[in-house]
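Structural features, examined
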Amino acid sequence: MKLQVVFNINGVLEGFFQGRNGLRQGDPLSPYLFVLSMEVLSSFLKAKLNSDDSFNFHWRTKPLQLSHVIFADDIFLFCKGESNSIRLLLDSVLQFSGVSGLQLNKEKCLGFFSCVPNNVISHTLNHYGFQLGSLPISYLGLPLITSRLNESICAPLIQRLSRKVESWTVRHLRYSGRLQLIKTVLQGIQSYWSLYLFLPVGVLKRIQSILARFLWAGDLHSSCHYKVAWADCCFIREEGGLGLRDLFDWNKAAILFQVWRLAHPNPSSIWLLWVHSCMLKRKHFWTTKIPYKCPWNLRKILNHRREALRFISCKVMAGSSFKFWYDPWLISVPLIERFGDGIISVMDSSHEATVGSAIVNGYWAVSSSNDFRATQIRSLISSCSIARQDAVVNLRVIWESIRRRGPSSPWIPLIWSKFNIPSCSFISWLACRNRLSTKDRLFNIQQVVDPLCCLCRSNAESAEHLFTSCPYTYLVLRACPFDLFINWNAWMLGNFFTDALTNFQKQMAFLYITTAIYSIWKERNRRIHDDSSMSVDNIIRLVKRMFREKLFSCPEFRRKVHVEPHLSQLLF
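Report on the accompanying structure. Please read all numbers here as calculations on a predicted model, not as lab measurements.

As for the packing of helix α6 (residues 201–217) against helix α8 (residues 247–263)
One way to put it is that α6 packs onto α8 with a least axis distance of 10 Å and a crossing angle of 135 degrees. Between α6 and α8, the angle is such that the two are oblique. On α8, the residues that touch Val201, Leu204, Lys205, Ile207, Gln208 and Leu211 of α6 are Leu247, Phe248 and Asn251. Looking at side-chain class alone, the contact of α6 with α8 contains 6 nonpolar, 2 polar and 1 charged residues.

A closer look at the packing of aromatic side chains
Per the counting criterion, the structure on display carries 26 aromatic pairs. On the basis of an interplanar angle of 40 degrees and a centroid distance of 5.6 Å, the ring pair of Trp168 and Phe214 is categorised as tilted. Separated by 46 residues along the polypeptide, Trp168 in helix α4 (residues 155–168) and Phe214 in helix α6 bring together distant segments of the chain. Each member of the pair, Trp168 together with Phe214, is buried.

Focus: the nonpolar core
In terms of nonpolar packing, the biggest core is built from 96 residues, with Trp429, Phe467 and Met508 touching the most fellow members. Looking at this core, the element that brings in the most residues is helix α22 (residues 503–530), giving 12 residues. In this view, Met508 contacts Phe419, Phe482, Phe547, Leu551, Phe557, Leu567, Leu570 and Leu571; residues no more than four positions away in its chain are not counted. By size, the runner-up hydrophobic cluster in this structure holds 54 residues, among which are Met279, Leu298, Leu330 and Leu335.

Observations concerning the layout of surface pockets
In this structure, the second largest pocket spans a volume of roughly 580 Å³. In this structure, the second largest pocket is lined by 24 residues; those nearest its centre are Tyr175, Lys227, Ser437, Trp521 and Asn525. Where the lining of the second largest pocket is concerned, the elements lending two or more residues are α5 (175–197), α17 (422–432), α18 (439–444) and α22. A total of 9 residues in the lining of the second largest pocket trace back to one element, the largest contributor, which is α22. Counted by class, the lining of the second largest pocket contains 10 nonpolar, 7 polar and 7 charged residues.

Section: the side chain of His284
Relative to the helices and strands, His284 is located in the loop between α9 (270–279) and α10 (296–303). Beyond its immediate chain neighbours, meaning those up to four positions away, His284 contacts Lys323, Tyr326, His351 and Glu352.

What to know about a nonpolar patch on the surface
Together, Leu29, Tyr32, Leu33 and Leu36 give the surface a local cluster of nonpolar side chains, amounting to about 430 Å² of exposed area. With respect to the helices and strands, Tyr32 occurs in helix α1 (residues 30–50). On the basis of relative accessibility, which here comes to 58%, the residue Tyr32 falls in the exposed class.

Considerations on the environment of Asn126
Checked against the element boundaries, Asn126 lands in helix α3 (residues 118–128). Residue classification places Asn126 among the exposed residues on the basis of a relative accessible area of 66%. A sequence separation of 97 residues divides Asn126 from Leu29, and the C-alpha atoms of the two residues are 36 Å apart.

Quick look at the pairing of strand β3 (residues 68–71)
Taken together, the 4 bridges between β3 and strand β4 (residues 74–77) define a ladder with antiparallel strand orientation. Among the inter-strand pairings, Val69 is bridged to a residue of β4, identified as Phe76. Taking the residues that link successive antiparallel strands as the turn, the β3-β4 hairpin has 2 residues, and the phi of Ala72 there is positive, at about 55 degrees.

Topic: the state of the cysteines
All chains considered together, the criterion is met by 0 disulfides. Between Cys115, a cysteine without a disulfide, and Cys79, which holds the nearest cysteine sulfur, the sulfur-to-sulfur distance is 14 Å. Left without a disulfide partner, Cys456 is nearest to the cysteine sulfur of Cys453, which lies 3.9 Å away. Using a relative accessible area of 22% as the deciding quantity, one classes Cys456 as partly exposed.

Cut-offs applied
Residues numbered from 1 in each chain as written. Predicted model: local features only at pLDDT ≥ 70, side-chain atom pairs only at ≥ 80, totals over all residues. Heavy atoms only, no water. Axes fitted to C-alpha atoms, helices over the stretch in contact; angles between N-to-C directions. Helix = DSSP H or I, 4+ residues; strand = E, 2+ residues; numbered from the N terminus. Parallel < 35°, antiparallel > 145°, perpendicular 65-115°, else oblique. Contact = heavy atoms within 4.5 Å. Nonpolar A, V, L, I, M, F, W, Y, C, P; charged D, E, K, R; others polar. Phe/Tyr/Trp six-rings, centres within 6.5 Å; stacked < 30°, edge-to-face > 60°. Buried < 20%, exposed > 50% of the residue type's maximum accessible area, 1.4 Å probe, protein only. Core = buried A, V, L, I, M, F, W, Y, C linked by side-chain atoms within 4.5 Å. 1 Å grid on protein atoms, 1.4 Å probe; cavity = no way out; pocket = protein on both sides within 12 Å on 5 of 7 lines; lining within 4 Å. Points joined across faces, edges and corners; volume = space filled by probe spheres on them. Patch = residues over 30% accessible without salt bridge, like charges linked within 9 Å, V, L, I, M, F, W, Y side chains within 5 Å. Areas by Shrake-Rupley, 256 points an atom, 1.4 Å probe, with all protein chains shown as cover. Salt bridge = Lys/Arg side-chain N within 4 Å of Asp/Glu carboxyl O. Pairing = 2+ DSSP bridges. Disulfide = S-S within 2.5 Å.

Quick look at the structure:
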């Protein structure tokens, strides 16, 4: 049956075109059809190769009988490095290609060989038209390697981060803009690598240097003055930092995350199944020894098992597949390590017993032995609740457990208020940490400066004087719609207001204060470096305009104004 499509233009049927089979590139239906065709390919290869006894799997994939892995429009094929197995595998793919119409792009096809005779390699490449590949290569932005990760292999990561920074240097970004780019782009790239490759210490130090120089200098080549130590920047905001991630802690958290994945009783991905079946030989994850000739990344994961036990806790359900004796489901170590091998016979159990076998009709049912060890186990189990499903903690919980803690300061609510403007908050953060280049600090590092405040010309300039004690600043702060306690030392102790305010009003007042600090600092720099100035009235108008624009751009404030209309009067 042929399909004809007619156009309706302004209510009149006009013309038609003949519908035909086929999809254009980019059609939304194409990915679904491709996935379906790859399912057919998988079934075809499984049936074809398993029916031929002369085909031999690669020795690393034989326990899983894994001949191929498909990701998006890429396919990885594995077999033993002998002519017959290679021929059967590739001929099967070509046979499917002829039936489905999905053709291999031989210019992009690479063959990788290890300990294979040269005649087999040359015959395979010449017969099938593939290119000879060699590791390492880049796939999905990560290097595929067989050796330990080193700094030379990580060079593309360093280059990519450096190119990103160099492309941004022409934009004259503020501190807040650089901070946002570090959080969303640069650390995102680094985290992607760290999650799977566990970067060396030297590479992490180099990346940390790139991030710090970009934050404080804006580029990688000019001289840089680090206003705040990078370690302090990596505390969360509630602890006085900028919320950046410490690269070394994140790298460790990534390793512990892979421990968590491997510890799960029901592995779902092919890689997890491969590790359990081909590397661990179905042995118990927490107690088995590190296999001989273990890949470097898996060895690193297994070496962190003892440390991971500090952060991992399990929830069990009726029918749980956790191993009763070999998984840390009850205490922070497997029970067999705490009580010894003999406890298994004492409890009339077996090495392969699961936690689910000890739960009957929703209640614990374990041996009633009088052995003191059995008594301890029953006591521990009595306080263990039965959950709806098996679970192990995730990466976020691990990260929160291992990250460094910083001291909380009373002035922190001022900086990161609900309505904060990033650029104003950053300058206020530096001011509260006394890290702005005020004249008293410049004098302390032996720089020749005029010590007088350029706003009032009556007192020496310091953060305390510039942002509260200066008469110029005092007039700006007095214009705040809320009564402020204008004293810098009091602010550092968390005392900002003379009257009791609601939490919503405090958030509005914090916005005004940080906006005033930012505007005063800009005016101070304008007078020193540009030889120009603004009157107090103009500064007040500028601060109020920024104050109004920020509040009216926040949906929460607009909703609040509908309920309490008098709030809008505070903005003028």
